[in-house]
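What follows is each chain in one-letter form.
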Amino acid sequence: MTQSALTVLQDVFGFSSFRAGQAEIIDSLIDGHDSLVLMPTGGGKSLCYQIPALVREGTGIVVSPLIALMRDQVEALKACGVQAEVLNSSLSQAQQQTVERDLAEGRLDLLYIAPERIMQSRTLALLQRCALSLFAIDEAHCVSQWGHDFRPEYLKLGELAERFPDVPRIALTATADTRTRDEISRALFNQTQKLFVASFDRPNIHYRVAARNNARRQLLDFIQSVHPNDSGIVYCLSRKRVEQVSQWLVDAGFNALPYHAGLSAEQRQQHQDRFIREEGLIIVATIAFGMGIDKPDVRFVAHLDLPRSIESYYQETGRAGRDGQAANAWMIYGLEDVYRLRQLLADSDRSEALQQQDRQRLEALLGYCEQVECRRPALLGYFGESYEGNCGHCDNCHNPPELNDATEEAQKALSCIYRTGQRFGAAHIVQVLLGKRSERIESLGHDQLSTFGIGRNQPKTYWHALLRQLLAQGLLAVDPDGYGGLRLDPSCRPLLRDQASFAMRQDAGVSHSRSPKKASAKQHIAPEHQALFDQLRALRLELAREQSVPPYVIFHDATLKAMAEAQPETLQDMANIHGIGQHKLDQYGEAFLDLLIETAARQ
Ligand code: ADP
Ligand code: ZN
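Remember, predicted model here, so these are calculated numbers, not experimental data.

Student: Which residues make up the sheet that holds strand 3 (residues 84-87), and what values go with them?
Tutor: In spatial order, the strands read 3-4-2-5-6-1-7; together these 7 strands make up an open sheet with parallel pairing. Both edges of this open sheet fall to strand 3 and strand 7 (194-197), since each of them pairs with a single strand only. For this sheet the average axis-to-axis angle between neighbouring strands, irrespective of direction, equals 20°. Here strand 5 (residues 132-137) pairs with strand 6 (residues 169-173) via 3 bridges, running parallel. Within strand 6, the residue paired with Ile137 across the bridge is Ala171. With respect to the sheet, helix 4 (residues 67-79) is in contact with strand 3 and strand 4 (110-113), its orientation differing from that of strand 3 by roughly 160°.

Student: Summarise the pattern of salt bridges; cite the residues concerned and give the values.
Tutor: Under the defined criterion, the tally for this structure stands at 27 salt bridges. Across the pair Arg117 and Glu100 runs a salt bridge whose closest N-O atoms are separated by 3.7 Å. You can see Arg117 sitting in helix 6 (residues 115-118) and its partner Glu100 sitting in helix 5 (residues 93-104), a full 17 residues away along the chain. The two residues Arg117 and Glu100 agree in class, both being buried. Linked through salt bridges whose partners overlap, the residues forming this network are Glu279, Arg299, Asp323, Arg537, Arg540 and Asp557.

Student: I'd like a description of the nonpolar core, backed by residues and values.
Tutor: Counting 125 residues, the largest nonpolar core has Ile118, Leu466, Leu467 and Leu470 as its most contacted members. Considering each element in turn, this core owes the most residues, 8 residues, to helix 22 (residues 460-472). Here Leu467 is in contact with Leu335, Ala413, Ile417, Ala426, Val430, Leu476 and Leu486, once residues within four sequence places are set aside. In this structure, Tyr259, Ile276, Ile554 and Ile577 belong to the second largest nonpolar core, which totals 40 residues.

Student: Just give me the short version of the coordination of the zinc ion (ligand 2), but keep the residues and values in it.
Tutor: At the metal site, the zinc ion (ligand 2) is ligated by Cys374 (SG), Cys391 (SG), Cys394 (SG) and Cys397 (SG), and these contacts range over 2.3 to 2.4 Å. Note that the zinc ion (ligand 2) binds 4 donor atoms; their angles at the metal cover 98 to 119°, and the shape is tetrahedral.

Student: Just give me the short version of the packing of aromatic side chains, but keep the residues and values in it.
Tutor: A full pass over the atoms with the stated rule returns 13 aromatic pairs. Here the aromatic rings of Tyr207 and Tyr314 are separated by 6.4 Å at their centres, their planes lie at 20°, and the arrangement is stacked. Of the two residues, Tyr207 is situated in strand 8 (residues 205-211) and Tyr314 in helix 14 (residues 310-317); the sequence distance between them amounts to 107 residues. On the basis of relative accessible area, Tyr314 is assigned to the buried category, the value being 8%. What links up through ring pairs into an aromatic cluster is the set Phe200, Tyr207, Tyr314, Tyr382 and Phe383. Over the ring of Phe275 we find Lys295, and its NZ or CZ is 5.3 Å from the ring centre. Arg375 extends its terminal NZ or CZ atom over the ring of Tyr368, reaching a point 5.2 Å from the ring centre.

Student: Describe the pairing of strand 6, and please don't skip the residues or the numbers.
Tutor: Taking burial as the measure, the 5 residues of strand 6 include 5 buried ones, the bulk of the element. The two faces of strand 6 match: Arg169, Ala171 and Thr173 on one face and Ile170 and Leu172 on the other face are all buried. Two elements, strand 1 (residues 35-38) and strand 6, share 4 bridges in a ladder whose sense is parallel. Bridge pairing links Val37 to Leu172 in strand 6.

Student: Summarise the sheet that holds strand 11 (residues 282-285); cite the residues concerned and give the values.
Tutor: Strand order in the open sheet made by the 6 strands is 8-13-12-9-11-10, with parallel pairing throughout. This sheet does not close on itself; its edge strands, each paired only once, are strand 8 and strand 10 (256-259). On average, each strand axis in the sheet is inclined to that of its neighbour by 15°, with strand direction left out of account. Bridge analysis of strand 8 against strand 13 (residues 327-333) gives 7 bridges, and the strand direction is parallel. Residue pairing in the sheet places His206 in a bridge with Asn328 of strand 13. Set on the sheet, helix 13 (residues 265-277) makes contact with strand 9 (231-235), strand 10, strand 11 and strand 12 (298-303); between it and strand 10 the angle comes to about 140°.

Student: How would you sum up the domain arrangement of the protein? Please name residues and give values.
Tutor: A common way to report how large an interface is uses the accessible area buried once the components associate. The domain boundaries assigned to the protein delineate domain 1 (3-197), domain 2 (205-398), domain 3 (403-505) and domain 4 (527-602). Spacing between the C-alpha centres of domain 2 and domain 4 amounts to 32 Å. Opposite the 11 residues of domain 2 that make contact, domain 4 presents 12 residues. Interface of domain 2 and domain 4: buried area, both sides summed, is about 1000 Å²; carbon and sulfur atoms make up 48% of it.

Student: If you had to explain helix 17 (residues 375-382) to someone new, which residues and values would you point to?
Tutor: Of the positions making up helix 17, those classed as buried are Arg375, Arg376, Leu379 and Leu380. Viewed along the axis of helix 17, the buried residues span an arc of 115°, placing them on a single side of the element. Next to the buried residues of helix 17 lie strand 8, helix 14, helix 16 (352-370), helix 18 (395-398) and strand 17 (503-505). Of the residues trailing helix 17, Gly384 is marked for its positive phi of about 80°.

Student: Just give me the short version of the site of ligand 1, but keep the residues and values in it.
Tutor: In the vicinity of ligand 1, 18 residues are found, and the nearest of them are Ser17, Gly42, Lys45, Ser46 and Arg322. In this structure, an oxygen atom belonging to ligand 1 sits 2.6 Å away from a main-chain N or O atom of Gly42. For ligand 1, the protein covers 87% of the area, taking 560 Å² as the surface of the free molecule. Across the shell around ligand 1, the residue classes break down as 5 nonpolar, 9 polar and 4 charged. When residues of the shell around ligand 1 are assigned to domains, at least three map to each of domain 1 (3-197) and domain 2 (205-398).

Parameters and conventions
- Residues numbered from 1 in each chain as written.
- Chains lettered and ligands numbered in written order.
- Predicted model: local features only at pLDDT ≥ 70, side-chain atom pairs only at ≥ 80, totals over all residues.
- Heavy atoms only, no water.
- Pairing = 2+ DSSP bridges.
- Helix = DSSP H or I, 4+ residues; strand = E, 2+ residues; numbered from the N terminus.
- Axes fitted to C-alpha atoms, helices over the stretch in contact; angles between N-to-C directions.
- Contact = heavy atoms within 4.5 Å.
- Salt bridge = Lys/Arg side-chain N within 4 Å of Asp/Glu carboxyl O.
- Buried < 20%, exposed > 50% of the residue type's maximum accessible area, 1.4 Å probe, protein only.
- Core = buried A, V, L, I, M, F, W, Y, C linked by side-chain atoms within 4.5 Å.
- Donors = N, O, S within 2.8 Å, 3.2 Å for Na, K, Ca; no water.
- Tetrahedral: all angles 85-135°; square planar, octahedral: opposite > 155°, others 65-115°.
- Phe/Tyr/Trp six-rings, centres within 6.5 Å; stacked < 30°, edge-to-face > 60°.
- Lys NZ or Arg CZ within 6 Å of the ring centre and 35° of its normal.
- Domains from an automatic or database assignment.
- Buried area = accessible area lost by both parts, 1.4 Å probe.
- Arc of directions from axis to C-beta.
- Near = heavy atom within 4 Å.
- Polar contact = N/O pair within 3.5 Å; in protein donor to acceptor, adjacent residues only side chain to side chain.
- Areas by Shrake-Rupley, 256 points an atom, 1.4 Å probe, with all protein chains shown as cover.
- Nonpolar A, V, L, I, M, F, W, Y, C, P; charged D, E, K, R; others polar.

Okay, here's the thing in structure tokens:
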């Protein structure tokens, strides 16, 4: 069994070996078992049903909620020589008839269908007349009524079990929490399926979180030094900010486009299509961008504002480096984020239980940001997975932050807040600590307080960082009235009484935009191969335009990189390169070989 699956992996998809978890899932499905698969974004879920569909007799039916995603997957499959089609409302009547005929006559390996379509009696009758290899239910968390992506049609998919008792089903999702998992299992399988939980680790992603001091300069530094020609996504919270940031990037000479709910549906679609089809394009987006975008060569995801939870952060950063090549998840955050999020929670009219849950989510994310040790155990721990040791591939591993005792400074700040009446925001508190005179301070009499000027020994950035860390640890609270006044939380009492100490993360807030290190594992490309790599990319883009497919449908970056390194001289040599299956070799082998030979001759 495994043998033929492996042969398909190599001959059709051109990959040499399975990723963690794939082989078992594929074997189980080939053997006819039902299964639920939890795998992170970019983990490689699609092959888990595509390969069994090719190994087993009959057509594999894939239920997927996103029409755009279906189209991309089908294009990519066709480029590998797989007989795949979609059946959804984007097709004309005539096109639908052709697809239905191909299906009935057994010519299709895979058919992608929208969930509302599949349960129509006409479609069911059609399927009943066909030989089916399996049902794959993608984005299976859409069945969950608690989640954000609930789709009522998904609930009906459980009926497939009675109608097609001999056809194995596989449901897949990147949402890891146990409640969603249980809901899927109950709704789709009556809890009888096998469960596969792959590791949520994404070893090729380098994580970095820094204090925000000059967002524009920090972002430009990061992109210019690490990703000057790469595709990436920059997330911001508001539309206004999205427009502003994409303008910064355009002004700095980058190819950047905005994406937010204020643009027309047509514009959004156009920007998304360009992102998929062009190289080196940066999308600046609100969180609404990304679901269902299967672009494998997104090299970085940057957050200029804190997302809502570790889950959102992980989903969003997971869109980087699906192809397994080095990618960066980069985030800056500041005191204002903590303020904003705490306030949002305080304002919310959700039930006490849900608010409690929201607070815990926020705490977890803040904890992650202020983390002093390796970031991976913290991230994976959130998904219930343990990670031993240091990953060696995050900012804290490369550059362990120093923890310094700041008990005395923390006490100064807390008593300054106390003495000014627990109603002023951070900016005012820092002014008082620094002993800055102003009309306002004098009229309030704050220049007469014993805490006036007791913080002159440290710079302003230090005090901001300290307040942020006190807030992040919950020793301070933000007034819910909307003015951002800081209050002491009862939990700070031991610290004020000298019964507890406070350690502060030293680099946060005081570091002035040191440029981040390049992701060092699986470094991009050696300088001596860069020129050839660029030529190969140019050829790929030309072919992609001719055939109007996204460039990565032709070859992934990893394949071009391997080609530039190995410089094969024959089609046979070329067949050994990662990502080149038989069909792609037949289609594109000659063109790339010509380029390689020509270049070699000129050297
Ligand atoms: P997911 O749906 O889990 O987010 P995909 O199925 O889109 O992930 O896979 C992510 C990327 O990884 C795709 O570009 C795919 O071609 C690639 N990939 C999957 N499995 C393998 C493998 N065994 N070897 C190499 N690349 C793989
Ligand atoms: Zn680490």
